[in-house]
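Results of the structural survey
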Amino acid sequence: MTFSLTALHSFPYVKKRIPVMYQHHTDLNPIEVAIDEMSKKVAELRQLCSSSEVDMIKLQLKLQGSVSVQVNAGPLAYARAFLDDTNTKRYADNKIKQLKEVFRQFVEACGQALCVNERLIKENQFEYQEEMKANYREMVKELSEIMHEQIWCGEEKISVMQNSLHIFNAISGTPTSTTVHGMTNSSSIA
């Protein structure tokens with residue numbers, strides 16, 4: 001169930017109390033709650049990644065809550081509860097499709113957040129980053145099994161794009177430059 005209130009004035013306001021003009025509540029079934037919660041997680045991760053000044057602490061906390069094995073019960077619990085073969089028959093096909101799409105977006109947002117985090121971390125957090133990446137790959141693998149489709153995690157997409165770029169540069173004779181954990185390696189193919 002969700003509630004929304006419409007007040008006479010917007011917050012903050014001079015007075016401490018603002019009269020409520022309109023109340024609205026919506027009853028959601030369990031799969032709609034899952035879609036709503038996962039959509040919020042995606043939006044939060046995207047917002048953190050697209051911010052001009054990335055709050056690294058918030059980003060890492062959201063990442064931990066999304067991909068860590070210990071906390072992973074949240075997103076994966078929704079996937080198991082609604083997308084498992086025995087449970088999909090209980091819900092409308094359009095809701096199942098919608099939840100699957102939200103999970104694809106979630107995987108993409110987590111991958112993007114991991115890339116942003118990797119770019120910002122210091123050397124002493126490298127091991128922590130590698131652990132989060134391993135947990136992310138594990139989560140993607142389990143989601144792929146539950147959804148019966150191969151979900152591409154962000155690392156694989158980046159790897160494919162980098163390989164394509166290297167091939168293009170080799171064909172065109174353009175110099176390549178790669179950055180690995182802050183170190184740049186430039187080479188020219190003659």
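See the structure shown above.
Source: prediction; values computed, not measured.

A count of helical and extended segments in the protein gives seven helices and four strands. Helices and strands in the protein line up, N terminus first, as β-β-α-α-α-α-α-α-α-β-β. Scored against the burial criterion, the 190 residues of the protein give a buried share of 28%. When the accessible surface of the protein is totalled, it reaches about 12600 Å², and 55% of it is carbon and sulfur.

Here we take up the packing of aromatic side chains. All chains considered together, the criterion is met by three aromatic pairs. The interplanar angle of 90° and the centroid separation of 6.5 Å between the aromatic rings of F103 and F106 together place this pair among those described as edge-to-face. One end of the pair, F103, and the other, F106, are both in helix 5 (residues 93-120), three residues apart, so they sit about a helical turn from each other. Pair check on accessibility: F103 and F106 agree, each one buried. Aromatic ring contacts, followed pair by pair, group Y78, F82 and Y91 into a single cluster.

L83, L99, F103, F106, Y136, M139 and L143 are the most contacted members of the largest nonpolar core, which totals 35 residues. Listing elements by their share of this core, those giving two or more residues are helix 1 (30-50), helix 2 (56-67), helix 3 (73-83), helix 5 and helix 6 (126-147). Top element by residues in this core is helix 5. It accounts for 11 residues.

Once that is clear, we can look at the pattern of salt bridges. In this structure the tally under the stated criterion is eight salt bridges. Close ionic contact of K62 with E44 constitutes a salt bridge, the shortest N to O distance being 3.0 Å. Here K62, found in helix 2, pairs with E44, found in helix 1; they are 18 residues apart in sequence, far enough to count as distant. Take E44: its relative accessible area is 34%, and that puts it in the partly exposed class. Between E118 and K133 there is a salt bridge; the shortest N-O distance is 3.4 Å. Taken together, the residues E118 in helix 5 and K133 in helix 6 connect sequence positions 15 residues apart. You can call E118 partly exposed: its relative accessible area is 26%. In this structure K133 comes out as buried when scored by relative accessible area, which is 12%. What you see here is one network of salt bridges that share partners, running through E101, R104 and E149.

The next subject is a nonpolar patch on the surface. Among the surface-exposed residues, L8, M21 and Y22 lie close enough to one another that they form a single nonpolar patch of about 330 Å² accessible area. Locating M21 in the fold gives a position in strand 2 (residues 20-26).

The rules behind each value
Residue numbers restart at each chain and count upward from 1, following the sequence in its written direction. The predicted origin of the model limits local features to residues at a pLDDT of at least 70 and limits the giving and counting of side-chain atom pairs to 80 or more, whereas totals for whole chains, interfaces and linings rest on all residues. With hydrogens and water excluded, all non-hydrogen atoms of the structure serve as input to the side-chain values. The way it works is that DSSP assigns letters per residue, a run of H or I at least four long becomes a helix, a run of E at least two long becomes a strand, and they are numbered from the N terminus. Buried means the residue's accessible area, taken with a 1.4 Å probe over protein chains only, is under 20% of the maximum for its type, while exposed means over 50%, and partly exposed covers the values in between. Where accessible areas are quoted, they stem from the Shrake-Rupley method and a 1.4 Å probe; at the residue level, only the protein chains shown are allowed to cover. Working definition: a ring pair exists when centres of Phe, Tyr or Trp rings (six-membered ring for Trp) sit within 6.5 Å. Plane angles under 30 degrees give stacked, over 60 give edge-to-face, the rest tilted. Nonpolar cores are built from buried Ala, Val, Leu, Ile, Met, Phe, Trp, Tyr and Cys residues. Side-chain atoms within 4.5 Å join them into one set. We count a salt bridge whenever a side-chain nitrogen from Lys or Arg sits within 4 Å of a carboxyl oxygen from Asp or Glu. Patch membership requires over 30% relative accessible area and the absence of a salt bridge. Like charges are linked within 9 Å, and nonpolar side chains (Val, Leu, Ile, Met, Phe, Trp, Tyr) within 5 Å.

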